[in-house]
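A closer look at the structure
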Amino acid sequence: MDCLFCKILAGEIPADIVYEDDHVVAFRDVNPQAPTHILVIPRRHIATLNDLSQEDGALISHICLTATQLAAEQGIADDGYRLVWNCNAQGGQAVYHIHLHLCGGRAMHWPPG
Ligand code: 5GP
Ligand code: ZN
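The numbers attached to residues start from 1 for each chain and follow its sequence in the written order. Chain A is the first chain written and ligand 1 is the first ligand written, with later ones labelled in order. Reporting of local features is limited, given that this is a predicted model, to residues whose pLDDT is at least 70; pairs of side-chain atoms are given and counted only at 80 or more, and all residues count toward the totals for whole chains, interfaces and linings. By convention in this description, side-chain values take in all heavy atoms of the structure and omit both hydrogens and water.

**Let's talk about the side chain of histidine 101**
Which entries qualify depends on this criterion: Only DSSP runs of H or I reaching four residues or more are called helices, and only runs of E reaching two or more are called strands; each is numbered from the N terminus. A 3.5 Å cut-off defines polar contacts: any pair of N or O atoms within that distance qualifies, except that in protein one atom must be a possible hydrogen donor and the other a possible acceptor, and neighbouring residues in sequence count only when both atoms are side-chain atoms. In this analysis, two residues are considered to be in contact whenever any of their non-hydrogen atoms come within 4.5 Å of each other.
Residue position: histidine 101 is located in strand E5 (residues 100-104). Among the polar contacts made by the side chain of histidine 101, one reaches the side chain of histidine 37 at a distance of 2.8 Å. Not counting the four nearest positions on each side in its chain, histidine 101 is found in contact with Asp29, His37, Ile38, Leu39, Arg82, Leu83, Val84 and Asn86.

Okay, here's the thing in structure tokens:
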């Protein structure tokens, strides 16, 4: 499968991994948009949020809770941070393996661009 994040999971492309378990892996974004910018991804290939079903609820919960745990470990939880899921072209998705962005370490703006 020609998926960049599956290649990172397989160890074919190096990444700065900050957390991993049986279901998820978290690594630093190669082009960080904030002082802390980490991606949390499932080990299972899921192309977009549109491919999720009710059975994936526990996995999505685990991804979100991994991100909040990492926010605490990175020291950005109290000041605040942003979690972002991009979906498809107009959502700004570039890599078609779902991932949750954890961004923090600076003030975020709203609305997003
Ligand atoms: P998207 O736009 O799909 O929501 O986000 C994809 C993210 O993956 C981008 O923030 C981009 O910088 C990051 N990214 C793309 N290629 C690589 C890579 O090879 N390694 C890492 N660590 N991040 C990547
Ligand atoms: Zn993949």
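**Quick word on the sheet that holds strand E4 (residues 81-84)**
Paired through their backbone hydrogen bonds, the strands of a sheet run either parallel or antiparallel. Our working rule: Criterion used throughout: strands pair if DSSP finds at least two bridges between them. Axis lines are fitted to C-alpha atoms, over the contacting stretch for helices. Their N-to-C directions set the angle, which ranges from 0 to 180 degrees.
Reading across from one edge, E1-E2-E3-E5-E4 is the order of the 5 strands in this open sheet, with antiparallel pairing throughout. Only two strands of the sheet have a single partner each, and these edge strands are strand E1 (17-20) and E4. The sheet shows a mean angle of 15° between the axes of neighbouring strands, taken without regard to direction. Across 5 bridges, strand E3 (residues 36-42) lies against E5 in antiparallel orientation.

**What to know about the site of ligand 1**
Definition in use: Proximity is defined per residue: if any heavy atom of the residue lies within 4 Å of a molecule or strand, that residue is considered near it. For the accessible areas, the method is Shrake-Rupley and the probe is 1.4 Å, while residue cover comes only from the protein chains on display. Each residue receives one of three labels: charged for Asp, Glu, Lys and Arg, nonpolar for Ala, Val, Leu, Ile, Met, Phe, Trp, Tyr, Cys and Pro, and polar for the others, Gly being one of them.
As a matter of local geometry, ligand 1 sits amid 16 residues, with Asp29, Asn86, Gly92, Ala94 and His99 nearest to it. A distance of 2.9 Å separates a nitrogen atom of ligand 1 from a polar atom in the backbone of arginine 28. One of the backbone N or O atoms of glycine 92 is found 2.8 Å from an oxygen atom in ligand 1. Within the complex, the protein chains bury 81% of what would otherwise be the 520 Å² of accessible surface of ligand 1. Among the secondary structure elements, those contributing two or more residues to the shell around ligand 1 are helix H1 (4-9) and strand E2 (24-28). Top element by residues in the shell around ligand 1 is H1. It accounts for 3 residues. Of the residues contributing to the shell around ligand 1, the split by class is 8 nonpolar, 6 polar and 2 charged.

**Some words on the side chain of aspartate 21**
Put simply, the rule reads: Relative accessibility under 20% of the residue-type maximum defines a buried residue, over 50% an exposed one, and the middle range a partly exposed one, all with a 1.4 Å probe and only protein chains included. Just so you know, the count uses Lys and Arg for positive and Asp and Glu for negative, and it drops His and the chain ends. The salt bridge definition used is simple: a Lys or Arg side-chain nitrogen within 4 Å of an Asp or Glu carboxyl oxygen.
On the secondary structure map, aspartate 21 appears in the loop between E1 and E2. Buried and unpaired, aspartate 21 has arginine 43 as its nearest opposite-charge partner, separated by 5.5 Å. At a separation of 2.8 Å, a polar atom in the side chain of aspartate 21 contacts the main-chain amide nitrogen of valine 24. In terms of polar contacts, aspartate 21 uses its side chain to reach the side chain of histidine 62, at 2.7 Å. When residues no more than four places from it in sequence are discounted, the contact partners of aspartate 21 are Arg43 and His62.

**So, unusual backbone geometry**
Note that the residue after tryptophan 110, namely proline 111, is joined by a cis bond; omega there is 5°. Within the fold, proline 111 resides in the segment after E5.

**Side note on the nonpolar core**
For clarity, the cut-off: The criterion is simple. A nonpolar core is a set of buried Ala, Val, Leu, Ile, Met, Phe, Trp, Tyr and Cys residues joined through side-chain atoms within 4.5 Å.
Ile38, Val40, Ile63, Leu70 and Leu102 are the most contacted members of the largest nonpolar core, which has 15 residues in total. Broken down by secondary-structure element, the contributors of at least two residues to this core are E2, E3, helix H2 (57-73) and E5. If we ignore the near neighbours within four places in the chain, the residues touching valine 40 are Val24, Val25, Ala26, Ile63, Thr66, Ala67, Leu70, Ile98, His99 and Leu100. Cys3, Ile8, Val25 and Phe27 belong to the second largest nonpolar core, which has 9 residues in total.

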